[in-house]
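Topology and contacts: notes
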Amino acid sequence: MHRNTSEEWAQLIFGNANLGDPRRTRRLALLASDMAENAGSSIVKASDTPAKMKPLIVSLEMRKYPLKRSPIQGSHKRVKR
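Residues numbered from 1 in each chain as written. Predicted model: local features only at pLDDT ≥ 70, side-chain atom pairs only at ≥ 80, totals over all residues. Heavy atoms only, no water.

Comments concerning the overall build of the chain
If you tally the helices and strands in the chain, you get four helices and two strands. Of the regular secondary structure in the chain, the N- to C-terminal order runs α-α-α-α-β-β. Expressed as a percentage of the 81 residues in the chain, the buried residues total 19%. Here the chain has roughly 6500 Å² of accessible surface; of this, 55% comes from carbon and sulfur atoms. (Helix = DSSP H or I, 4+ residues; strand = E, 2+ residues; numbered from the N terminus. Buried < 20%, exposed > 50% of the residue type's maximum accessible area, 1.4 Å probe, protein only. Areas by Shrake-Rupley, 256 points an atom, 1.4 Å probe, with all protein chains shown as cover.)

Things to note about the pattern of salt bridges
Evaluation of the coordinates by the stated rule reveals one salt bridge. Between Asp21 and Arg23 there is a salt bridge; the shortest N-O distance is 2.5 Å. The class of Asp21 is buried, set by a relative accessible area of 18%. Judged by its relative accessible area of 46%, Arg23 falls in the partly exposed class. (Salt bridge = Lys/Arg side-chain N within 4 Å of Asp/Glu carboxyl O.)

Brief notes about the side chain of Asp34
Here Asp34 shows up in helix α2 (residues 22-37). Dropping the residues within four chain positions of it, Asp34 is found in contact with Ala46, Ser47, Asp48 and Lys52. (Contact = heavy atoms within 4.5 Å.)

A word on the environment of Leu19
Checked against the element boundaries, Leu19 lands in the loop between α1 (6-14) and α2. Residues Leu19 and Val58 lie 39 residues apart in sequence; the distance between their C-alpha atoms is 9.5 Å.

Examining the packing of α1 against α2
At a minimum axis separation of 8 Å, α1 and α2 run at an interaxial angle of 135 degrees. The orientation of α1 with respect to α2, classified from their angle, is oblique. In terms of crossing hand, the pair formed by α1 and α2 is right-handed. Between α1, through Ser6, Glu7, Trp9, Ala10, Gln11 and Phe14, and α2, the contact on the second element is made entirely by Thr25, Leu28, Ala29, Ala32, Ser33, Ala36 and Glu37. Grouping the amino acids of the contact of α1 with α2 by side-chain chemistry returns seven nonpolar, four polar and two charged. (Axes fitted to C-alpha atoms, helices over the stretch in contact; angles between N-to-C directions. Parallel < 35°, antiparallel > 145°, perpendicular 65-115°, else oblique. Left-handed = near helix turned anticlockwise from the far one by under 90°. Nonpolar A, V, L, I, M, F, W, Y, C, P; charged D, E, K, R; others polar.)

Rendered as structure tokens:
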């Protein structure tokens, strides 16, 4: 039986996530892989660098201040709730 590595698993699960920027998707997959390898650890302990926690921080920020499209220009702006 073939066993997927944590990197393969994370890419399979999160590799197609639409986070608005491919870098965010890659960071999310890396964070998920680190967490899978360090099950039971906190996010901080599972991530060997603070930069790997960036997708989580961005995700939480996006939930707090979602992007809204401007009907005139089609641009995105952060809007406080």
